[in-house]
Amino acid sequence: MKFFIDTANLAQIKEAQDLGVLDGVTTNPSLMAKEGITGHENVINHYKAICEIADGDVSAEVIATDFENMVKEGEVLAALNPKIVVKVPMIREGIKAIKYFSSKGIKTNCTLVFSAGQALLAAKAGATYVSPFIGRLDDISTDGLALIEDIRLIYDNYGYETQILAASVRHPMHIIECAKLGSDVITGPLSAIVALMKHPLTDIGLAQFLADHAKAAEK
Ligand code: G3P
């Protein structure tokens, strides 16, 4: 299972990369804005900076919503670095753009996916990744994890190679449940990834080991 970090914050990307378990980065226009990154040149430079820090795939989202401009933007983004995955929204023009990018060998991430039907279309268009937003579904009292289960079943029925990238992950249990359901990738905040390592019995056990070792050394 791949772990992506969902942020445009360079310090957090570096921290996750240094931890040794990071497989990639996802960003979106809201995350870029949160870091104060505005204007075409700054955004482009920020993607380059992310690619320098992270080893794996880096999703960079197009802003255009029409086919022609999505293609123009996506081709510029893809040319920045081989790690770049062009992130395209699940809309009619987006499906056409994903099909185009797929025919050109450009990696894509179909974003803003909230139903199994949308995920099926993304796979048919040849998306590299599909991003169901599980946290946002949970936010409106709909089972986000049930969507991961449905997409896994559908993709396995037909052998689609599109990778399920569970997005809008909010906490460690989302990651564990996604792993049980066979999601290929999760993307979430560093806090959710780091929380996986915490267990009180680990802390208590280590404190005991160290205390016993110190006592033995005194003898
Ligand atoms: O990058 C897309 C997705 O992960 C957004 O998450 O927490 O804003 O719903 P969130």
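Source: prediction; values computed, not measured.

Comments concerning the overall build of the protein chain
Consideration 1: When you go through the protein chain residue by residue, the secondary structure sums to eleven helices and eight strands.
Consideration 2: In the protein chain, which comprises 219 residues, the share counted as buried stands at 42%.
Consideration 3: Nonlocal contacts in the protein chain, meaning residues at least 24 apart in sequence, comprise 56% of its contacts between residues at least 6 apart.
Consideration 4: If you sum the accessible surface of the protein chain, you get close to 11200 Å²; carbon and sulfur atoms cover 57% of it.
Consideration 5: Within the protein chain, the 27 negative side-chain charges are centred at a point lying 2 Å from the centre of the 20 positive side-chain charges.

Let's talk about the site of the ligand
Consideration 1: What surrounds the ligand is the set D6, N28, K87, F133, R136, A167, S168 and R170.
Consideration 2: R136 is positioned with one of its side-chain polar atoms (N or O) 2.7 Å from an oxygen atom of the ligand.
Consideration 3: In isolation the ligand exposes 310 Å². Once the protein is present, 83% of that is buried.
Consideration 4: Of the pockets mapped on this structure, the ligand occupies the largest pocket.
Consideration 5: Split by residue class, the shell around the ligand holds two nonpolar, two polar and four charged.

A closer look at a nonpolar patch on the surface
Consideration 1: Judged by side-chain polarity, L19, V21 and M197 come together as a nonpolar surface patch covering roughly 270 Å² of accessible area.
Consideration 2: Looking at where L19 falls in the secondary structure, it is placed in helix 1 (residues 10–19).

What about the environment of T7?
Consideration 1: Locating T7 in the fold gives a position in the loop between strand 1 (2–6) and helix 1.
Consideration 2: Looking at T7, the relative accessible area reads 7%, which means it is buried.
Consideration 3: The spatial distance from the C-alpha of T7 to the C-alpha of N28 is 8.1 Å, given a sequence separation of 21 residues.
Consideration 4: Excluding residues within four positions of it along the chain, T7 makes contact with Q12, I13, V25, T26, T27, L31 and E35.
Consideration 5: Side-chain polar atoms of T7 contact the backbone nitrogen of N9, separated by 2.9 Å.

Here's the deal with the sheet that holds strand 7 (residues 163–166)
What links the strands of a sheet is backbone hydrogen bonding, and the strands pair in either a parallel or an antiparallel sense.
Consideration 1: An order of 1-2-3-4-5-6-7-8 is seen for the eight strands of this closed barrel, with the pairing classed as parallel. This sheet shows a mean twist of 30 degrees between the axes of neighbouring strands, independent of strand direction.
Consideration 2: Alignment of strand 4 (residues 84–89) against strand 5 (residues 108–113), held across four bridges, turns out to be parallel. Looking at strand 5, one finds that V86 is bridged to T108.
Consideration 3: Against the sheet, helix 5 (residues 92–103) makes contact with strand 4 and strand 5, and its axis sits at roughly 155 degrees relative to strand 4, the strand it touches most.

Let's talk about the layout of surface pockets
Consideration 1: Within this model, the largest pocket holds a volume of roughly 390 Å³.
Consideration 2: Listing elements by their share of the lining of the largest pocket, those giving two or more residues are helix 2 (29–34) and strand 8 (185–188).
Consideration 3: Top element by residues in the lining of the largest pocket is helix 2. It accounts for three residues.
Consideration 4: Of the residues that constitute the lining of the largest pocket, the class distribution is six nonpolar, eleven polar and six charged.

Considerations on the pairing of strand 4
Consideration 1: In terms of residue burial, strand 4 counts as a mostly covered element, since six of its six residues are buried.
Consideration 2: The alternating pattern of strand 4 places I84, V86 and V88 and V85, K87 and P89 on opposite faces, both of which are buried.
Consideration 3: Running through helix 4 (residues 67–80), the crossover from strand 3 (residues 57–61) to the neighbouring parallel element strand 4 is right-handed.

Looking at the environment of S168
Consideration 1: Its location among the elements puts S168 in the loop between strand 7 and helix 9 (172–181).
Consideration 2: By relative accessible area, S168 is classed as buried at 11%.
Consideration 3: S168 sits 33 residues away from L201 along the chain, and the two C-alpha atoms are 29 Å apart.
Consideration 4: If we skip the residues at most four places from it in the chain, S168 touches F133, I134, G135, R136, H174 and T187.

The rules we used
The numbers attached to residues start from 1 for each chain and follow its sequence in the written order. Totals for whole chains, interfaces and linings use all residues, but because this is a predicted model, local features are given only for residues with pLDDT of at least 70 and pairs of side-chain atoms are given and counted only at 80 or more. Excluding hydrogens and water, the side-chain figures rest on all heavy atoms present in the structure. By the criteria applied, helices consist of DSSP H or I runs no shorter than four residues and strands consist of E runs no shorter than two, each listed in order from the N terminus. Using a 1.4 Å probe on the protein chains alone, a residue whose accessible area is under 20% of its type maximum counts as buried, one over 50% counts as exposed, and one in between counts as partly exposed. Only heavy atoms enter the contact rule, under which two residues are in contact if any of them lie within 4.5 Å. Where accessible areas are quoted, they stem from the Shrake-Rupley method and a 1.4 Å probe; at the residue level, only the protein chains shown are allowed to cover. For the purpose of counting charges, residues Lys and Arg are taken to be positive, whereas Asp and Glu are taken to be negative. His and the chain ends are not included. All charge positions are set by atom: Lys at NZ, Arg at CZ, Asp at CG, Glu at CD. Any residue with at least one heavy atom within 4 Å of a molecule or strand is counted as near it. Identification of polar contacts relies on pairs of N or O atoms within 3.5 Å, with a donor-acceptor requirement for protein atoms, meaning one able to donate a hydrogen and the other able to accept it, and with residues adjacent in sequence counted only if both atoms are side-chain atoms. For cavity detection a 1 Å grid was placed over the protein atoms alone, and a set of points counts as a cavity when a 1.4 Å probe fits there but cannot get out; an open set counts as a pocket when protein lies on both sides within 12 Å along at least five of seven lines, with lining residues being those that have an atom within 4 Å of a point. To qualify as sitting in a cavity or pocket, a molecule needs more than half of its atoms within 2 Å of the grid points. Residues are sorted three ways: Asp, Glu, Lys and Arg are charged, Ala, Val, Leu, Ile, Met, Phe, Trp, Tyr, Cys and Pro are nonpolar, and all the rest, Gly among them, are polar. Grouping into patches uses exposed residues only, defined as over 30% relative accessible area, and leaves out salt-bridged ones; the cut-off is 9 Å for like charges and 5 Å for nonpolar side chains (Val, Leu, Ile, Met, Phe, Trp, Tyr). Within this document, salt bridges are pairs made up of a side-chain nitrogen of Lys or Arg and a carboxyl oxygen of Asp or Glu, the two lying within 4 Å of each other. For two strands to be treated as a pair, DSSP must find no fewer than two bridges joining them. The angle between two axes is taken between their N-to-C directions and runs from 0 to 180 degrees, where each axis is a line fitted to C-alpha atoms and a helix contributes only its stretch in contact. Grid points are joined across faces, edges and corners, and a volume is the space filled by probe spheres set on the points. The path from the first strand over the helix to the second decides the hand: if it runs clockwise while the strands point away from the viewer, the crossover is right-handed.

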